[in-house]
Amino acid sequence: MLRALRFQIPTAKLFTKSQRFASTLTFIETSKDGNLVSSSLNALTAAAQLGNPIHAVILGSHASTAANILKSSVQCEKLTKILVSDNIGFDHYLPEKVAPLFAHLLKNDEYSHFVSASSTVGKTNLPRLGALLDLQPINDIIKILDSRTFSRPIYAGNAIATVQCSQPKKLISIRASAFEPITQGSTDSAVIEEIQQIEPETFIDVKWEGETLMKSERPELGSASRVVTGGRALKDKETFEKILVPLADVLNAGIGATRAAVDNGFCDNSLQVGQTGKVVAPDLYVAIGVSGAIQHLAGMKDSKVIVAINNDPEAPVFKVADYSLEGDAYEVVPELVRRLKEM
Ligand SMILES: Cc1cc2nc3c(=O)[nH]c(=O)nc-3n(C[C@H](O)[C@H](O)[C@H](O)COP(=O)(O)OP(=O)(O)OC[C@H]3O[C@@H](n4cnc5c(N)ncnc54)[C@H](O)[C@@H]3O)c2cc1C
């Protein structure tokens, strides 16, 4: 049951000058190979809904290339400028480096809004940006009601808060699954502009040491149009893979997991779906041996079609499922794979 709540965020004292223009600064994330991260295209849609001219900002060693990709791949008449910094120091989007730059840009009276996706990068940067500007960010919004009123889920998605923000600048992160990606096409009129260097002492001196990446040919969980998820019922890593991989292969789906599956070592924690994992809304979500705990539902209940396979007829997951298959996953899933292959 959804309830509407209303909160007010007080006006911050930092910006005393009146805003000359209202523009929206929108952070466009790129992947390691310089491609646009899909959730940023959803952020651009949200920015366009605010109705103001949009300046996109792209950072890191691929910034200029990505700016040209953006111009030639999206149709967004509000997008007037793309600010770039090809500085390698912005690679990996360390908040100690990125947030001060955003803060510097946002001190310009021109900007009334800052929009980014509620991705891992967005979630890491926004609190620091809010602290630097003494502004309260509004996280994970799912709807723009007007330029200062937004809806966002709270209590693991069990209530929707309507938040009205009277701050002169609104720092917003958007839930990508709640906004369509911006229309494909081209925006030739957008100008690309290099960001002026800012004082080095503005940045905290941190260094990127390294990372361990999970390599997979599979569709990425956050953007896959089909997701197959396994729960505790799949016993161990070997069984998890034995049951899920053939179904994911035949459906060309991404693989997800419950927290119980992750905590028991069945798979990497980057696959966790839910309140403390990823929020997904694919066209098809198949939940196998998943009870449907509220924290899991928070991450998948907006999927277009939900199929649940569970041997307990009382499992809460059946309450949100469009198709409920009551049975033993060890029998049902291989049979499903066999039938799908025949089709
Ligand atoms: C603060 C907090 C945050 C959390 N965040 C998340 C989160 O982000 N994501 C998340 O998933 N959880 C999260 N949890 C944990 C959540 O509460 C549940 O514990 C978890 O989702 C349960 O995972 P599960 O469904 O795999 O396991 P269980 O609840 O144990 O369910 C297993 C299901 O498998 C069924 N089953 C058993 N054997 C078979 C079989 N042979 N065939 C078919 N079905 C079978 C059972 O009937 C049961 O319904 C969080 C909890 C807390 C407190």
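If you're wondering where the values come from, they're calculated on a predicted model, not measured in any experiment.

Draft legend 1. Examining the overall build of the protein chain more closely. Secondary structure summary: the protein chain contains 9 helices and 16 strands in total. In terms of overall size, the protein chain behaves like a compact globule, its C-alpha atoms giving a radius of gyration of 22 Å where 343 residues would be expected to give roughly 20 Å. Burial status across the protein chain gives 50% buried among its 343 residues. At a minimum sequence separation of 6, the contacts of the protein chain that also span at least 24 residues come to 70%. With an accessible surface of roughly 17300 Å², the protein chain has 50% of that area assigned to carbon and sulfur atoms. Between the mean site of the 35 positive side-chain charges and the mean site of the 38 negative ones, the protein chain shows a separation of 6 Å.

Draft legend 2. Representation of the sheet that holds strand S16 (residues 323-326). Pairing in this open sheet of 5 strands is parallel, and the strands run S13-S12-S14-S15-S16 from one edge to the other. Since the sheet does not close on itself, it has two edges, and those belong to strand S13 (254-257) and S16, each with one partner. Sheet twist, expressed as the mean angle between neighbouring strand axes with direction ignored, is 15°. With 4 bridges joining them, strand S15 (residues 305-310) and S16 adopt parallel strand pairing.

Draft legend 3. Up close: the nonpolar core. Counting residues in each nonpolar core, the largest one holds 36 residues, and the members touching the most others are Ile-58, Leu-70, Leu-79 and Ile-82. Sequence-distant contacts of Ile-82, defined by excluding residues within four places in its chain, comprise Ala-56, Ile-58, Ala-67, Leu-70, Lys-71, Ala-190, Val-191, Ile-192 and Glu-193.

Draft legend 4. Broad picture of the packing of aromatic side chains. Inspection of the entire model under this criterion finds 4 aromatic pairs. Geometrically, the ring pair formed by Phe-27 and Tyr-93 is edge-to-face, given 5.3 Å between the ring centres and 85° between the ring planes. With Phe-27 in strand S2 (residues 23-27) and Tyr-93 in the loop between strand S4 (79-85) and helix H3 (95-106), this pair connects stretches of sequence that are 66 residues apart. For the residue pair Phe-27 and Tyr-93, the accessibility class agrees, reading buried in each case. Relative to Phe-266, the ring of Phe-240 has its centre 6.1 Å away and its plane inclined at 50°; by these criteria the two rings are tilted.

Draft legend 5. Structural context of unusual backbone geometry. Of note, the phi angle at Tyr-93 is positive, near 50°, even though the residue is not glycine. Look at Tyr-93 and you get buried, because its relative accessible area is 8%. Positive phi, normally seen in glycine, also occurs at Asn-252, with a value near 50°. With respect to the helices, strands and loops of the structure, Asn-252 is situated in the loop between helix H5 (237-251) and S13.

Draft legend 6. Summary view of the side chain of Arg-175. Here Arg-175 shows up in the loop between strand S10 (170-174) and strand S11 (191-194). For Arg-175, a relative accessible area of 12% gives the class buried. When neighbours within four sequence positions are excluded, Arg-175 is seen to be in contact with Ser-118, Asp-140, Ile-141, Ile-142, Pro-153, Val-279, Ala-298 and Asp-302.

Draft legend 7. Representation of the domain arrangement of the protein chain. What the domain assignment lists for the protein chain is domain 1 (4-202) and domain 2 (226-342). The straight-line distance from the C-alpha centre of domain 1 to that of domain 2 is 33 Å. With 5 residues of domain 1 at the contact, the number on the domain 2 side is 7 residues. Together domain 1 and domain 2 conceal approximately 550 Å² of surface at their shared face, both sides included; 52% is due to carbon and sulfur atoms. Considering only the surface of domain 1 that becomes buried against domain 2, Ala-156, Arg-175 and Ser-177 emerge as the three largest contributors, covering 70% of it. Taken together, the links from domain 1 to domain 2 amount to 0 salt bridges.

Draft legend 8. Layout of the site of the ligand. Arg-232, Thr-258, Thr-276, Ser-291 and Gln-295 are the nearest of the 25 residues found near the ligand. At a separation of 2.6 Å, a nitrogen atom of the ligand approaches a polar side-chain atom of Thr-276. Gln-295 is positioned such that a nitrogen or oxygen atom in its side chain is 2.7 Å from an oxygen atom of the ligand. Its free accessible area being 990 Å², the ligand has 74% of it covered by the protein chains.

Draft legend 9. Local environment of the packing of H5 against helix H9 (residues 329-342). With their axes 9 Å apart at the nearest point, H5 and H9 run at an angle of 25° to one another. Looking at the two axes, H5 sits roughly parallel to H9. For the element pair H5 and H9, the recorded crossing hand is left-handed. Seen from H5, the contacting residues are Thr-239, Ile-243, Pro-246, Leu-247, Val-250 and Leu-251; seen from H9, they are Tyr-330, Val-333, Leu-336, Val-337, Leu-340 and Lys-341.

Draft legend 10. Just the layout of surface pockets, in detail. Taken as a whole, the second largest pocket holds about 290 Å³ of empty space. Forming the walls of the second largest pocket are 18 residues, and the residues nearest its centre are Thr-258, Arg-259, Ala-260, Ala-293 and His-296. The residue makeup of the lining of the second largest pocket, split by class, is 5 nonpolar, 11 polar and 2 charged.

How each quantity is defined
Residues numbered from 1 in each chain as written. Predicted model: local features only at pLDDT ≥ 70, side-chain atom pairs only at ≥ 80, totals over all residues. Heavy atoms only, no water. Helix = DSSP H or I, 4+ residues; strand = E, 2+ residues; numbered from the N terminus. Rg over C-alpha atoms; globule rule 2.2 N^0.38 Å. Buried < 20%, exposed > 50% of the residue type's maximum accessible area, 1.4 Å probe, protein only. Contact = heavy atoms within 4.5 Å. Areas by Shrake-Rupley, 256 points an atom, 1.4 Å probe, with all protein chains shown as cover. Lys, Arg positive; Asp, Glu negative; His and termini not counted. Charge placed at Lys NZ, Arg CZ, Asp CG, Glu CD. Pairing = 2+ DSSP bridges. Axes fitted to C-alpha atoms, helices over the stretch in contact; angles between N-to-C directions. Core = buried A, V, L, I, M, F, W, Y, C linked by side-chain atoms within 4.5 Å. Phe/Tyr/Trp six-rings, centres within 6.5 Å; stacked < 30°, edge-to-face > 60°. Domains from an automatic or database assignment. Buried area = accessible area lost by both parts, 1.4 Å probe. Salt bridge = Lys/Arg side-chain N within 4 Å of Asp/Glu carboxyl O. Near = heavy atom within 4 Å. Polar contact = N/O pair within 3.5 Å; in protein donor to acceptor, adjacent residues only side chain to side chain. Parallel < 35°, antiparallel > 145°, perpendicular 65-115°, else oblique. Left-handed = near helix turned anticlockwise from the far one by under 90°. 1 Å grid on protein atoms, 1.4 Å probe; cavity = no way out; pocket = protein on both sides within 12 Å on 5 of 7 lines; lining within 4 Å. Points joined across faces, edges and corners; volume = space filled by probe spheres on them. Nonpolar A, V, L, I, M, F, W, Y, C, P; charged D, E, K, R; others polar.

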